[in-house]
Amino acid sequence: MPAPASARRRADWLRAEITRHDHRYYALDDPEIPDAEYDRLVGELRELEQRHPELVRPDSPTQRVGGVPVAGFAEVRHQVPMLSLDNAFTREEVEAFDRRVRERLEARHEIDYACEPKLDGVAIGITWRDGVLEQAATRGDGTTGEDVTHNVRTIRSVPLRLGGRGWPALLEARGEVFLPLAGFAAMNRRAAEQGEKTFVNPRNAAAGSLRQLDPRLAASRPLDVFFYGVGRIEGAQLGDRHSGILEALRSWGLRTAPEARVVRGVDGLLAYYEDLGQRRSGLPYQIDGVVYKVDSLDLQRRLGFVARAPRWAIAHKFPAEEELTTVRAIEWQVGRTGALTPVARLEPVFVGGATVSNATLHNIDELLRKDVRVGDTVILRRAGDVIPEVVRVIPERRPRGTAPVSLPATCPVCGSEVTREEGEAIARCSGALICPAQRKETLRHFASRRALDIEGLGTKLIDQLVDGGLVRSPADLYALRAEDLAALERMGEKSAANLVEALDHSRATTLPRFLYALGIRDVGEATAAALASYFGSLQAIREATPEQIMEVPDVGPVVAGHVHAFFAEPRNEAVIAALLRHGLHWPALPKPAPGATPLAGQTFVLTGRLDSLTRDEAGDRIRALGGKVAGSVSKNTHYVVAGADAGSKLDKANRLGVPILDEAGLLQLLGGA
Ligand code: 5U1
């Protein structure tokens, strides 16, 4: 029986509605309806199509994953070649690029450039005919690529039908398929759990996903695409600027990089590079540089091409984040809580913009899993400010006669036994207070910026103080006299006096900072703030039972156990008593009603400069009232607190419609104080 007209109309409406919501969600980052409502629309369409199979159309949102795996990859000839880009690695090379552009154009004015991130993914050309997705092909050698339509159809942000108005009869949009970092991590976690091979990096994972014959596999991977230009286009004009092309693509439901901007002249280019370089490690996807393009299409035509690269564009690469180096030694570092961390001592190598000669191997399990050995050649990764890490060994380059590393039986610093609790990845030195390494780390943590912030008390000085027997616990710091300090090597009278003054200054602190500074296992700043806020005083925390401590929001039995055990240990109590005798103090907190956490469940992002308090202090106070502080803005952010000179986070908040607070608004929310 043919489908009744009402069912046909409803299916058409559902398809259009789902396509519209896809556009809002993926292209505009501005969803109109909750996910559950969206799922309901898709469910209804699926049910309708099952009841009336003649209503199924290839561009229906239900038809992303085609039924059968393909037999192989057909070749696709690109009618407009897919170009590559020349690279620039230095500021001088960018200046030379801009100079060449201006000279060739005989331009006396500065050039407008469109700038975008250069995604580390797989180049793709996707064709829509009469608005319906027809074909997707990889770049291949630039002339001939592979048909990966069956896999690209599974990418949720690629519309099967173009939205908006005015799209051309034939459009081939070019872009980059990539795996967002979170999706990559989840995919590798799943693979590791199932004993499967993990991918080395998101780019390989994206390329591997596109090269699957069975589209169900690609569909299970959270691939995404950003479009950055057009190849073939028929039946419409695209304005006169590259930035206009991006705008048009967006209006038809294609995702483009949110970081795309138009800047003026070479200074604009370099400022864009700097800015994105700083934000690089916080972006949800991997980028390996930025791309600059002359924005005017007319000027692009006048500049033309050399070989396979346009004269009007260049990729400005960031320093490589991964390099090869060799392992000279593997040593064990002893942390504040006695945790033994294996550290690889490396042949120094320039990576991610710095020379690196050490990398953490995290813990014994991780070391054994990666099977890193002395003499190995390894891939070293340093991304942004993240601690450098060994990604993996190159087994083909392993010299003969290497041996796997094992956990030492005794602490390499104090010789105490090394213990490892059942089910724990971390092994610990049992030397506690007799281990100089633990003592030094305790002092480093105590003096650190977010703890008691003792200026001038650095790593080397702490080593000298502990090794010389002058200081055993944080309380001993406050008994130091300027003349004791001045007698130390490399310490002048002025520095000694400054340190005594800094110590004096640090006596006035806050309860959350003091608790954090004590270095209780698993008590970070957020937990310290929550404990302070819940109990209101140090005395109340000291007297609390583990059950009472567990009533603090987000504190579970393990952390409660650590807190209780810390205060139950007489040697810790003695240090605390001595610190109080030395005059450490903090303002009394108003005793909150039990469980009073008015900001619980609310996430804040702080940006820009505040006048009456630092961002750290604002964060402490938000956490003390149960709120969370996040580093980046998303649709789950409740408030963005914007101070002076707030930048891209404020822009994003405006785009996503996240409420914005100024300093006065924040203070009001924090209770006026
Ligand atoms: N963002 C971006 N990546 N990318 C790669 N734009 C861009 N443009 C390219 C390539 C190969 O080529 C055009 C300049 C032709």
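Above this text is the structure in question.
Residues numbered from 1 in each chain as written. Predicted model: local features only at pLDDT ≥ 70, side-chain atom pairs only at ≥ 80, totals over all residues. Heavy atoms only, no water.

Trainee: Would you mind going over the overall build of the protein chain with me for this structure?
Mentor: When helices and strands are tallied, the protein chain shows 25 helices and 24 strands. For the protein chain, the spread of C-alpha atoms along the three principal axes comes to 85 × 60 × 55 Å. Contacts in the protein chain between residues at least 24 apart in sequence constitute 67% of all its contacts with a sequence separation of at least 6. Surface exposure of the protein chain reaches about 33,100 Å², of which carbon and sulfur atoms provide 50%. Looking at the protein chain, you have 87 positive and 91 negative side-chain charges, and the mean spots of the two groups are 3 Å apart. (Helix = DSSP H or I, 4+ residues; strand = E, 2+ residues; numbered from the N terminus. Contact = heavy atoms within 4.5 Å. Areas by Shrake-Rupley, 256 points an atom, 1.4 Å probe, with all protein chains shown as cover. Lys, Arg positive; Asp, Glu negative; His and termini not counted. Charge placed at Lys NZ, Arg CZ, Asp CG, Glu CD.)

Trainee: Looking at this structure, I do not really get the state of the cysteines. What am I missing?
Mentor: Covalent bonding between the sulfur atoms of two cysteines defines a disulfide. Under the definition given, this model contains zero disulfides. Cys-429 takes part in no disulfide bond, and the closest cysteine sulfur to it belongs to Cys-414, at a distance of 3.6 Å. Residue class for Cys-429 comes out buried when judged on its relative accessible area of 5%. Of all cysteine sulfurs in the structure, the one in Cys-414 sits closest to Cys-435, which takes part in no disulfide; the separation is 3.7 Å. (Disulfide = S-S within 2.5 Å. Buried < 20%, exposed > 50% of the residue type's maximum accessible area, 1.4 Å probe, protein only.)

Trainee: Would you mind going over the pattern of salt bridges with me for this structure?
Mentor: Two side chains carrying opposite charge are able to pair once their charged atoms lie near each other. Following the criterion strictly, the structure yields 48 salt bridges and no others. A salt bridge links Lys-293 to Glu-116, with the shortest nitrogen-to-oxygen separation between them at 3.4 Å. In this pair, Lys-293 is assigned in strand β10 (residues 287–294) and Glu-116 in strand β3 (residues 112–119), connecting sequence segments 177 residues apart. Across the pair Arg-444 and Asp-463 runs a salt bridge whose closest N-O atoms are separated by 2.5 Å. In this pair, Arg-444 sits in helix α12 (residues 436–447) while Asp-463 sits in helix α13 (residues 459–467), placing the two residues 19 residues apart along the sequence. Overall, the relative accessible area of 24% leaves Asp-463 in the partly exposed class. A single salt-bridge network, built from bridges that share partners, covers Asp-12, Arg-15, Glu-49, Arg-57, Asp-59 and Arg-161. (Salt bridge = Lys/Arg side-chain N within 4 Å of Asp/Glu carboxyl O.)

Trainee: Got a minute to help me understand the side chain of Ser-416 in this structure?
Mentor: The topology assignment puts Ser-416 in the loop between β18 (389–393) and β19 (418–420). Those residues in contact with Ser-416, other than ones at most four positions away along the chain, are Ala-409, Thr-410, Cys-411, Cys-429, Ser-430, Gly-431 and Ile-434.

Trainee: So what exactly am I meant to see when it comes to helix α18 (residues 525–535) here?
Mentor: Counting along an α-helix, one turn takes 3.6 residues, and residues three or four places apart therefore face a common direction. Of all 11 residues making up α18, nine are buried, and the element is well covered by its neighbours. Following α18 by one or two positions, Gly-536 has its phi on the positive side, about 80 degrees.

Trainee: Honestly, the site of the ligand in this entry has me stumped. Any pointers?
Mentor: Residues in close proximity to the ligand include Leu-83, Leu-85, Glu-116, Pro-117, Tyr-228, Val-291, Lys-293, Pro-310, Trp-312 and Ala-313, which together make up its full environment. Here Glu-116 contributes a side-chain N or O atom positioned 2.9 Å from a nitrogen atom of the ligand. For the ligand, whose unbound accessible area comes to 380 Å², protein coverage reaches 85%. At the level of elements, β3 and β10 are the ones that each hand at least two residues to the shell around the ligand. Taken together, the residues that form the shell around the ligand break down as eight nonpolar, no polar and two charged. (Near = heavy atom within 4 Å. Polar contact = N/O pair within 3.5 Å; in protein donor to acceptor, adjacent residues only side chain to side chain. Nonpolar A, V, L, I, M, F, W, Y, C, P; charged D, E, K, R; others polar.)

Trainee: In this structure, what is going on with the packing of α18 against helix α23 (residues 615–624)? I would like to understand it.
Mentor: When two helices pack together, their arrangement is given by the angle between their axes and by how far apart the axes lie. For the pair α18 and α23, interaxial distance at closest approach is 8 Å and the crossing angle is 55 degrees. Put simply, α18 runs oblique to α23. The hand of the α18/α23 crossing is right-handed. Contacts from Glu-525, Ala-526, Ala-529 and Ser-533 in α18 reach Asp-620, Arg-623 and Ala-624 in α23. (Axes fitted to C-alpha atoms, helices over the stretch in contact; angles between N-to-C directions. Parallel < 35°, antiparallel > 145°, perpendicular 65-115°, else oblique. Left-handed = near helix turned anticlockwise from the far one by under 90°.)

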